[in-house]
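# What the coordinates show
Residue strings, one per chain:
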Protein chains: 2
Amino acid sequence: MSELPEPVERVVALLSRLPGIGRRSAQRIAFHLVRQAPQDTRLLAEAIARLPDVLGPCLICGNLAPIGKPCSICEDPRRDRGLICVVEQADNLAAIERTGVYRGLYHVLGGAISPLKAIGPDQLRIEPLISRAKNGETRELILATNPTVEGEATALYLARLLAGSGIAISRPATGLPVGGELDYVDGLTLSRALEGRRSLSD
Amino acid sequence: MSELPEPVERVVALLSRLPGIGRRSAQRIAFHLVRQAPQDTRLLAEAIARLPDVLGPCLICGNLAPIGKPCSICEDPRRDRGLICVVEQADNLAAIERTGVYRGLYHVLGGAISPLKAIGPDQLRIEPLISRAKNGETRELILATNPTVEGEATALYLARLLAGSGIAISRPATGLPVGGELDYVDGLTLSRALEGRRSLSD
């Protein structure tokens, strides 16, 4: 049984480390990269190589931004500056932006508190969040960390930290996904949805 | 609703063209590439950029090989030179190699005959296959093109082209996947498996 040529094996190994890519799909991609026109493969390599040179965390909120500058959301004068939505990662921010309904600002923590992964509050962008929250402009913090154990713990931690500050603290509802079928919803989500039921009779 | 920063959008667009990667996963990967240590992102970019510089089709069989050279399989003296397994792409070859049971040579066609995609026999490496097959050493051709309409048509075309050449022509069996459950097998595969049933009473 012969091995893959070293340059291909190397690309496969590096691609396998990316989120959502297993060895099998990494291999499929690597073969595609060898097979397609060389200029297309080079275009991809250049676009990837450019990323760390041009993008860094926004100086204000931690979102992706041109290096050393605030992001387009922080600079947008039409955004409601009284509202800050706190998320774990810039991807989460992008997901909320795609909905098109949120018009406030964001704050990217860079993760969630996780004793298992040895991530404490100090490893997250919590200090800058507190100073932003207390700048006098902020009316409400929406703690949109993930609905996981770590995300919940982080939200709870932040809520305690800001208790008594006069800033409203909220968290997005957990419940049934729209368009989903009850049979396919996991038990925890279902029980949360039932606990959080809303009256239709008012 | 704000857009992704241009350098990220560009990587997302290029990644989405790869096999098995949709826009959602391309975005997840792009964010990961921005977030991880810059040297890791550069390593990936360099490994990808290197591919077209160092690899090309094997001069003999069309498998991946160092540019301008035969591949490691064609050069391996322990391989049975009387047997050529014909596949559509180098990935298919790699899949067969992973099984570790095949000890012959290969021939990579570079695709399958497909009137819909305007791929005729002339676009494939069929000429070199015929000369190889007729070199006096070849006893058998295994036509391992994919079990799809195009793959079947290509196998049939090759079988006709080589009829009367004295070379044995075969095709891997189609049938039930090992370990699969009958309920989950598609109807065509199931009917093929029934047609191709083997007697256990001999």
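Notes on the structure follow.

### Some words on the side chain of Thr138 of chain A
Residue and element names in this part refer to chain A. Examined against the element boundaries, Thr138 turns out to sit in the loop between helix H6 (126-133) and strand E5 (140-143). Within the structure, Thr138 has its side chain in polar contact with the backbone oxygen of Arg132 (distance 3.2 Å). A polar atom in the side chain of Thr138 sits 3.2 Å from the side chain of Asn135. When neighbours within four sequence positions are excluded, Thr138 is seen to be in contact with Arg81, Gly82, Ile84, Arg132, Ala133 and Ile167.

### Some thoughts on the environment of Val86 of chain A
By the element assignment, Val86 of chain A lies in strand E3 (residues 80-87). Excluding its chain neighbours within four sequence positions, the residues that come into contact with Val86 of chain A are His107, Leu109, Leu129, Leu141, Ile142, Leu143, Ala144, Thr145 and Leu158 of chain A.

### Section: the packing of helix H3 (residues 38-54) of chain A against helix H3 (residues 38-54) of chain B
Across the interface, H3 of chain A lies against H3 of chain B with an axial gap of 8 Å and an inter-helix angle of 165 degrees. Taken together, the axis directions place H3 of chain A and H3 of chain B in an arrangement best described as roughly antiparallel. Handedness of the H3 of chain A/H3 of chain B crossing: left-handed. For the pair H3 of chain A and H3 of chain B, the contacting residues are Pro38, Thr41, Arg42, Leu44, Ala45, Ile48, Ala49, Pro52 and Asp53 of chain A in the first and Pro38, Thr41, Arg42, Leu44, Ala45, Ile48, Ala49, Pro52 and Asp53 of chain B in the second. Of the residues assigned to the contact of H3 of chain A with H3 of chain B, the class counts are 12 nonpolar, two polar and four charged.

### Overview of the pairing of strand E4 (residues 104-108) of chain B
It is a general feature of regular strands that their side chains alternate between the two faces of the sheet. Residues and elements named next belong to chain B. Counting buried positions along E4 gives five out of five residues, so the element sits mostly inside the fold. Inspection of the sheet shows strand E3 (residues 80-87) paired to E4 by five bridges, in the parallel sense. Bridging from a neighbouring strand, Cys85 pairs with Tyr106 of E4. Assessed by its sense of winding, the connection that carries the chain from E3 through helix H5 (residues 90-99) to E4 is right-handed.

### Quick notes on the relation of the copies chain B and chain A
With an axial shift of 0.0 Å and an RMSD of 0.1 Å, the rotation relating chain B to chain A amounts to 180 degrees. When the rotation and shift are considered jointly, the pair of chain copies conforms to a two-fold rotation axis. Scanning chain B for the C-alpha nearest the rotation axis identifies Ala45 of chain B, at a separation of 2.2 Å. The overlap is high: 100% of the interface residues of chain B also sit at the interface in chain A, so the same surface is used on both sides.

### A few points about the packing of H6 of chain A against helix H7 (residues 149-161) of chain A
Residue and element names in this part refer to chain A. Two elements in contact, H6 and H7, have axes separated by 12 Å at closest approach and are oriented at 45 degrees. Classified by the angle between their axes, H6 and H7 sit oblique to one another. Of the two elements, H6 crosses H7, and the hand of that crossing is right-handed. Contacts between H6 and H7 involve Ile126, Leu129 and Ile130 on the former and, on the latter, Tyr157, Leu158 and Leu161.

### What to know about the side chain of Asn63 of chain B
All names here are of chain B. With respect to the helices and strands, the residue Asn63 is situated in the loop between strand E1 (55-57) and strand E2 (64-66). Judged by its relative accessible area of 7%, Asn63 falls in the buried class. Setting aside residues up to four positions removed in sequence, Asn63 forms contacts with Gly56, Pro57, Cys58, Cys71, Ile73, Ala90, Leu93 and Val108.

### A closer look at H6 of chain A
Residue and element names in this part refer to chain A. Taken residue by residue, H6 has Ile126, Leu129, Ile130, Arg132 and Ala133 as its buried positions. Angularly, the buried residues of H6 cover 160 degrees about the axis, an arc narrow enough to put them on a single face. Close packing links the buried residues of H6 with E3, strand E4 (104-108), E5 and H7.

### Quick look at unusual backbone geometry
Phi at Ala118 of chain A is positive, roughly 55 degrees, even though this residue is not glycine. Mapping Ala118 of chain A onto the fold places it in the loop between E4 and H6.

### Here we look at the interface of chain B and chain A
At the junction of the two partners, chain B supplies 53 residues and chain A supplies 53 residues. For the pair chain B and chain A, the summed buried surface comes to about 5,000 Å²; carbon and sulfur atoms form 69% of the total. Connecting chain B to chain A are six salt bridges. Here Arg35 of chain B ties to Asp91 of chain A by a salt bridge, and the two come within 2.3 Å at their closest N and O atoms. Inspection of the chain B/chain A interface yields eight residue pairs in polar contact (both at pLDDT 80 or more). For the side of chain B that touches chain A, the leading source of residues is H3 of chain B, giving 14 residues.

Rules used in this analysis
- Residues numbered from 1 in each chain as written.
- Chains lettered and ligands numbered in written order.
- Predicted model: local features only at pLDDT ≥ 70, side-chain atom pairs only at ≥ 80, totals over all residues.
- Heavy atoms only, no water.
- Helix = DSSP H or I, 4+ residues; strand = E, 2+ residues; numbered from the N terminus.
- Polar contact = N/O pair within 3.5 Å; in protein donor to acceptor, adjacent residues only side chain to side chain.
- Contact = heavy atoms within 4.5 Å.
- Axes fitted to C-alpha atoms, helices over the stretch in contact; angles between N-to-C directions.
- Parallel < 35°, antiparallel > 145°, perpendicular 65-115°, else oblique.
- Left-handed = near helix turned anticlockwise from the far one by under 90°.
- Nonpolar A, V, L, I, M, F, W, Y, C, P; charged D, E, K, R; others polar.
- Buried < 20%, exposed > 50% of the residue type's maximum accessible area, 1.4 Å probe, protein only.
- Pairing = 2+ DSSP bridges.
- Right-handed = clockwise from strand over helix to strand, strands pointing away.
- Least-squares fit on C-alpha atoms with pLDDT ≥ 70 in both.
- Arc of directions from axis to C-beta.
- Buried area = accessible area lost by both parts, 1.4 Å probe.
- Salt bridge = Lys/Arg side-chain N within 4 Å of Asp/Glu carboxyl O.

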